[in-house]
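# Coordinate analysis (summary)
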Amino acid sequence: MKSAAPMFVLGLRDGILVGIDDVENGLSCGCVCPGCHSPLIARKGGRRAHHFAHKPGEDCGGGVETSIHMLAKDVLAKSRKIMLPSVTISLREGGGPWRVHGPQLVELDDVVLERRTGHIIPDVVCVADGRELFVEIAVTHPVEAAKVSTIREMGVSAIEVNLSNEDRASSKQHIEAIIVNGTNLKKWLFHSPTAVLERELRGKVEALPLTDRGLATHADNCPLPAREWRGKPYANVMWDCPGCIWSVDMDSEYQYCAGRHARPSLEKRGMKPEWHYLES
Ligand SMILES: [Zn+2]
């Protein structure tokens, strides 16, 4: 039994999800498992937190996951909105991200549970502004890598809500609040508009060749410019580039710089770098 997962606190009664706090103890709770539809026993009392259990030998293993997917669908359909996490882009693999915008509350036009879409079945499919948004709920394990790459190939924006560590206080209201308004347990698996922008901006990063000048290594044609020598702009890559917001990366031959070509696009969109940098 996995302990670091939400407790089984949601059962189906007359086709409606109910919380463990809203039912009677034992079999008289009148609930069935959302996964396998066998009768559930409400275990209220004893030392463990209140939870549902299958009858001995009947545990389908999928009750918690299915119930939380259903809850997510229900609460999103009811609230018609979802808080989405910050959007960032990166101009290099694993590089410091640029903040596109902070968390945003988005209105939803439609919400559907586990509908096959292409080759995958997203946990919940939302529609906002005519576009699909997949909401994946990680209950016992994170979304599989294969599913994430399929989502990327489909070009559909998707978030993951990570409930796998919510082993305590996982009441119905608590989980609902995380799904609708939370930000810190959510992350983008793929953000479609940003992926397009990222490709565009990566194409605008300039490779400034490095030149060794005695004790210093310089990148000529620094767009700021950080320094000038007889009218020629350059940067000292040890001193100027590491703290520069336009510096994307460096290897043994080049300083990769967004300052000349990507900067206008970034500034026009009001993007700010997320990492700490020094003003030059
Ligand atoms: Zn079951």
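So, here is what we can say about the structure in this document. Each chain carries its own residue numbering, running from 1 in the direction its sequence is written. Reporting in this predicted model follows two pLDDT cut-offs: at least 70 for local features of residues, and 80 or more for side-chain atom pairs to be given and counted; totals over whole chains, interfaces and linings ignore these cut-offs and use all residues. The basis for the side-chain values is all heavy atoms of the structure; hydrogens and waters are excluded.

### A look at the overall build of the protein
This is how it is decided: We count a stretch as a helix when DSSP gives it H or I for four or more residues in a row; a strand needs E for two or more, and each element gets its number in order from the N terminus. In this analysis, two residues are considered to be in contact whenever any of their non-hydrogen atoms come within 4.5 Å of each other. Here the open area of atoms and residues is found with the Shrake-Rupley method and a 1.4 Å probe, where only the protein chains shown may cover a residue. For this count, His and the chain ends are skipped, Lys and Arg are scored as positive, and Asp and Glu as negative. All charge positions are set by atom: Lys at NZ, Arg at CZ, Asp at CG, Glu at CD.
Tallying secondary structure elements over the protein gives five helices and 20 strands in all. Along the first, second and third principal axes, the C-alpha atoms of the protein reach 90 × 40 × 30 Å. Sequence separation of 24 or more characterises 55% of the internal contacts of the protein that already satisfy a separation of 6 or more. Total accessible area computed for the protein in this model is approximately 15,200 Å², and 50% of it derives from carbon and sulfur atoms. In the protein, 34 positive and 36 negative side-chain charges are present, and the distance between their average locations comes to 2 Å.

### Comments concerning the sheet that holds strand E15 (residues 216-220)
Test applied: Strands pair, by our definition, only if DSSP identifies at least two bridges between them. Only the contacting stretch of a helix is used when fitting its axis, a line to C-alpha atoms as for every element, and angles between N-to-C directions run 0 to 180 degrees.
Read from one edge to the other, the open sheet built from six strands follows the order E16-E17-E15-E14-E19-E18, with strand pairing classed as antiparallel. One side of each edge strand has no neighbouring strand; the edge strands of this open sheet are strand E16 (227-229) and strand E18 (247-250). Direction aside, the axes of adjacent strands within the sheet are offset by 40 degrees on average. Strand direction decides the pairing type here: strand E14 (residues 206-213) and E15, joined by four bridges, are antiparallel. When the bridges of E15 are listed, Asp212 appears paired with Thr217.

### Points about the pattern of salt bridges
Using the following cut-off: The salt bridge definition used is simple: a Lys or Arg side-chain nitrogen within 4 Å of an Asp or Glu carboxyl oxygen. Only protein chains enter the area calculation, which uses a 1.4 Å probe; residues under 20% of their type maximum are buried, those over 50% are exposed, and those in between are partly exposed.
Across all of its chains, the model carries 10 salt bridges by this definition. For the salt bridge of Glu132 with Arg115, the shortest nitrogen-to-oxygen distance reads 3.2 Å. In this pair, Glu132 sits in strand E11 (residues 131-138) while Arg115 sits in the loop between strand E9 (110-113) and strand E10 (124-128), placing the two residues 17 residues apart along the sequence. For Arg115, a relative accessible area of 36% gives the class partly exposed. Ionic pairing is found between Arg227 and Asp240, a salt bridge with its closest N-O pair at 2.6 Å. Taken as a pair, Arg227 in strand E16 and Asp240 in the loop between strand E17 (232-236) and E18 lie far apart in primary sequence, 13 residues in all. The class for Arg227 is partly exposed, based on a relative accessible area of 31%. The network of salt bridges with shared partners includes Asp123, Glu136 and Lys147.

### Some points on the pairing of strand E2 (residues 16-19)
With four bridges connecting them, strand E1 (residues 10-13) and E2 associate as antiparallel partners. Across the sheet, the residue bridging to Leu10 is Gly19, located in E2.

### Focus on helix H2 (residues 145-154)
Where we set the bar: The reported arc concerns the directions from the helix axis to the C-beta atoms and nothing else.
Among the residues of H2, those classed as buried are Lys147, Val148, Thr150 and Ile151. The arc that holds every buried residue of H2, seen down its axis, measures 160 degrees, which confines them to one face. With respect to the buried face of H2, the exposed residues turned more than 90 degrees away are Ala145, Ala146 and Glu153. On the buried face of H2, the contacting elements are E11, strand E12 (157-162) and strand E13 (186-190). Two residues or fewer after H2 comes Gly155, characterised by a positive phi angle close to 75 degrees.

### Quick look at a nonpolar patch on the surface
Which entries qualify depends on this criterion: Like-charged residues within 9 Å of one another, or nonpolar side chains (Val, Leu, Ile, Met, Phe, Trp, Tyr) within 5 Å, are grouped into patches, provided each residue has over 30% relative accessible area and no salt bridge.
Taken together, the side chains of Met238, Trp239 and Met250 define a hydrophobic patch exposed on the protein surface, amounting to about 400 Å² of accessible area. Assignment of secondary structure puts Met250 in strand E18. Taking relative accessible area as the criterion, Met250 reaches 36% and is therefore assigned partly exposed.

### What about the coordination of the zinc ion?
Applicable threshold: Note on donors: an N, O or S atom is included if it sits within 2.8 Å of the metal, or within 3.2 Å for Na, K and Ca, and water is never included, so sites can look incomplete. Any site counts as irregular unless it has four donors with all angles between 85 and 135 degrees, making it tetrahedral, or four or six donors with opposite ones more than 155 degrees apart and the rest between 65 and 115, making it square planar or octahedral.
At this site the zinc ion is bound by Cys33 (SG), Cys36 (SG), His54 (NE2) and Cys60 (SG), with donor distances of 2.1 to 2.3 Å. Coordination at the zinc ion is tetrahedral: its four donor atoms span angles of 97 to 118 degrees at the metal. Read in sequence order, the donor residues coordinating the zinc ion give the pattern C-x2-C-x17-H-x5-C. Classification of Cys33 by relative accessible area gives buried; the value is 0%. The exposure class of Cys36 is partly exposed, given its relative accessible area of 32%.

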